[in-house]
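One letter stands for each residue in the lines below.
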Amino acid sequence: QVQFVESGGGLVQPGGSLTLSCTTSRSLFWLYAVAWYRQAPGEQRELVAGIDRAGTSTDYAGSVKGRFTISRDNVKNMAYLQMTSLKPEDTALYFCNFQDVGRQEPWGQGTQVTVSS
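Residues numbered from 1 in each chain as written. Predicted model: local features only at pLDDT ≥ 70, side-chain atom pairs only at ≥ 80, totals over all residues. Heavy atoms only, no water.

1. Examining the sheet that holds strand β10 (residues 111-115)
Here six strands make up an open sheet; going across it, the order is β2-β10-β9-β4-β5-β6 and the pairing mixed. Of all strands in the sheet, those bounded by a partner on one side alone are β2 (10-12) and β6 (58-60). Strand-to-strand twist of the sheet, defined as the mean angle between neighbouring strand axes without regard to direction, takes the value 25 degrees. With three bridges joining them, strand β9 (residues 92-98) and β10 adopt antiparallel strand pairing. Note that in β10 the partner of L93 across the bridge is Q112. (Pairing = 2+ DSSP bridges. Helix = DSSP H or I, 4+ residues; strand = E, 2+ residues; numbered from the N terminus. Axes fitted to C-alpha atoms, helices over the stretch in contact; angles between N-to-C directions.)

This is how it looks when you write it as C-alpha cells:
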C-alpha cells in the first residue's frame, strides 16, 4: 500500500528550527500538488503548507506564513518543510500527503514536533 513516510521531527526550544522530510513510493509523485498537515492533540488535522507539482507555487496557513517553507524534489520523490522561529503552538504530529483530497494516500505515521523549553 502506497504511503508517505515522514521524518525529521523532534524536541526543539521556542525560536528553534527543524526541517521535516517526507517520501513516497508513488511513481507519479511529480504529477500532484503536495501538502504538509499537522494535528495537535484533541484537534482536527489542518493544512500547514502546499506546493504545486512543479514546485513553483506555494501556499501557507496564516499561522506559519513567513516562518515555514515548503519545497519538493521530484527526482527524489521528496517533500520538505523548513520550520523556523518555532512556537509552542506549533507542537503537533506532522504529516504529508497529496493536496487533492481525491488523490490522497492513506495517512502515514507522521513525525512529532514538540516545541518546549
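2. With respect to the state of the cysteines
A complete count under the given rule lists one disulfide for this structure. The side chain of C22 participates in a disulfide bridge whose partner is C96; the two sulfur atoms lie 2.1 Å from each other. On the S-S bond that ties C22 to C96, the torsion sits near 120 degrees, and the link is right-handed. Of this pair, C22 sits in strand β3 (residues 18-24) while C96 is found in strand β9, placing the two residues 74 residues apart along the sequence. Look at C96 and you get buried, because its relative accessible area is 1%. (Disulfide = S-S within 2.5 Å. Buried < 20%, exposed > 50% of the residue type's maximum accessible area, 1.4 Å probe, protein only.)

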